[in-house]
Amino acid sequence: MRTIVVGNVPFGAGSPVVIAGPCAVENAEQTLELARLAKASGADALRGGAFKPRTSPHDFQGLGLEGLKILRAAGDETGLPVVTEVIDVRLVETVARYADMLQVGSRSMQNYPLLVEVGRAGKPVLLKRGMSASLCEWLGSAEYIAKEGNLEIVLCERGIRTGASGEFSRFTLDLNVIPAVHAETFLPVIVDPSHSTGVASMVEHASCSAIEYGCDGLIIEISSGRADAPRPMCDADQAIDPAVLGRIIRFIRDRQEGTRPREWFSASAAYS
Ligand code: PEP
Ligand code: MN
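The text that follows walks through the structure, step by step, so that each part is easy to find.

Conventions and cut-offs
Residues numbered from 1 in each chain as written. Chains lettered and ligands numbered in written order. Predicted model: local features only at pLDDT ≥ 70, side-chain atom pairs only at ≥ 80, totals over all residues. Heavy atoms only, no water. Helix = DSSP H or I, 4+ residues; strand = E, 2+ residues; numbered from the N terminus. Rg over C-alpha atoms; globule rule 2.2 N^0.38 Å. Buried < 20%, exposed > 50% of the residue type's maximum accessible area, 1.4 Å probe, protein only. Near = heavy atom within 4 Å. Polar contact = N/O pair within 3.5 Å; in protein donor to acceptor, adjacent residues only side chain to side chain. Areas by Shrake-Rupley, 256 points an atom, 1.4 Å probe, with all protein chains shown as cover. Nonpolar A, V, L, I, M, F, W, Y, C, P; charged D, E, K, R; others polar. Donors = N, O, S within 2.8 Å, 3.2 Å for Na, K, Ca; no water. Lys, Arg positive; Asp, Glu negative; His and termini not counted. Salt bridge = Lys/Arg side-chain N within 4 Å of Asp/Glu carboxyl O. Contact = heavy atoms within 4.5 Å. Core = buried A, V, L, I, M, F, W, Y, C linked by side-chain atoms within 4.5 Å.

**Looking at the overall build of the protein**
Scanning the protein for helices and strands turns up nine helices and 10 strands. A compact globule built from 272 residues should have a C-alpha radius of gyration of about 19 Å, and the protein, at 17 Å, falls within 12% of that. The dimensions of the protein, computed from C-alpha atoms along their principal axes, are 45 × 40 × 40 Å. Across the 272 residues that make up the protein, the buried fraction comes to 56%.

Structure below.
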């Protein structure tokens, strides 16, 4: 597998990477508090949306450039590399100036001009799977980025639409795609247990299951857990407390150190 280095964090080097942070950068205080909590819990990188792709145009769209600056400052303060989404081909250069890794979101996976521009930006890319995308379509999108000479791509399974989606969880987490990605490509694949479930109480189970299934990391939305903290403006129902994030990271580290048995199969052996 190819190792993709973001800041000083290697994806695909054998040790699962954890990216954590708010859904959206809302203000400097919230972002710095969550960055510190992520760092203290053992996370490797910080996430946070400055440009948000929202279903309704009337919902909070993110702080834009101001959000990028806040995220960058929080990353610098805590020593965590930052991952943020770019939704617009006109903004790729700007976002690349502040981010260590460019996220292409589910809704943009087949925005081919955006993929081309992201491929030219000289930054590692987190390519989320379209919510209705087949593996073939997803890898085709990765190919658009690679064709521009950028092979620094980490794939992210974030849940797909199925007949059950929306009934008890937001999307359906397709864990089976992890070994398929490993068999078909040399790229690391991480899992987003937050958007795939949409339910905070499911995030720890989804995370640990994805790790057992052989993924190369997780991207998780968190909130402070303080009773007096304002409710997050986006995706509040799926944000987990730092204590839960800490448990997930301990699960990963214990497993890495062999203090938790590896009962499961090798990921690529599960797909043929
Ligand atoms: C996100 O990670 O902020 C996000 C919007 O995710 P997705 O594109 O997977 O919906
Ligand atoms: Mn979100």
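**Details of the site of ligand 1**
Around ligand 1, the neighbouring residues are Arg47, Lys52, Glu85, Gln103, Gly105, Ser106, Arg107, Lys128, Arg158 and His195. With respect to ligand 1, the side chain of Arg107 contributes an N or O atom lying 2.8 Å from an oxygen atom. In this structure, an oxygen atom belonging to ligand 1 sits 2.6 Å away from a side-chain N or O atom of Arg158. When ligand 1 sits alone it has 300 Å² of accessible area, and the protein chains cover 96% of it. Class assignment for the residues of the shell around ligand 1 results in no nonpolar, four polar and six charged.

**Focus: the coordination of the manganese ion (ligand 2)**
In a perfect tetrahedron of four donors around a metal, the angles come out at 109.5 degrees. In a perfect octahedron of six, they are 90 or 180 degrees. At the metal site, the manganese ion (ligand 2) is ligated by Cys23 (SG), His195 (NE2), Glu221 (OE) and Asp235 (OD), and these contacts range over 2.0 to 2.4 Å. The sequence pattern describing where the donors of the manganese ion (ligand 2) fall on their chain is C-x171-H-x25-E-x13-D. Residue Glu221 is located in strand S10 (residues 217–221), and its partner Asp235 is located in the loop between S10 and helix H9 (242–256); the two are separated by 14 residues in the primary sequence. Classification of Asp235 as partly exposed rests on a relative accessible area of 21%.

**Regarding the side chain of Lys52**
Turning to its location among the elements, Lys52 is positioned in the loop between strand S4 (45–47) and helix H2 (65–78). Buried within the structure, Lys52 lacks any salt-bridge partner; Glu221 is the closest side chain of opposite charge, at an N-O distance of 5.0 Å. At 3.3 Å, the side chain of Lys52 and the backbone oxygen of Cys23 are in polar contact. Excluding residues that lie within four positions of it along the chain, Lys52 makes contacts with Cys23, Ala24, Arg47, Phe60, Gln61, Gly62, Ile87 and Cys234.

**Concerning the nonpolar core**
Grouped together as the largest cluster of nonpolar side chains are 63 residues, with contacts concentrated most on Leu127, Trp138, Leu155, Leu218 and Ile220. Beyond its immediate chain neighbours, meaning those up to four positions away, Leu155 contacts Leu126, Leu127, Trp138, Leu139, Ala142, Val181, Leu187, Pro188, Val189 and Ile190.

**Quick look at the pattern of salt bridges**
Taken as a whole and assessed by the stated rule, the structure comprises 19 salt bridges. For the salt bridge of Arg255 with Glu212, the shortest nitrogen-to-oxygen distance reads 3.2 Å. Highlighted residues: Arg255 in helix H9 and Glu212 in helix H8 (residues 200–212), separated in sequence by 43 residues. There is no split in this pair, since Arg255 and Glu212 are both buried. With a shortest N-O distance of 3.1 Å, Asp237 and Arg231 are connected by a salt bridge. Across the pair, exposure class does not vary: Asp237 and Arg231 are exposed alike. Each of Glu33, Arg226 and Asp228 takes part in a single network of salt bridges with overlapping partners.

**Digging into helix H4 (residues 112–119)**
Within H4, the full set of buried residues consists of Leu114, Leu115, Val116, Val118 and Gly119. Tucked inside the fold, the buried residues of H4 contact helix H3 (92–98), strand S6 (101–104), strand S7 (125–128) and helix H5 (135–147).

Function cannot be inferred from these measures alone, as they are strictly geometric.
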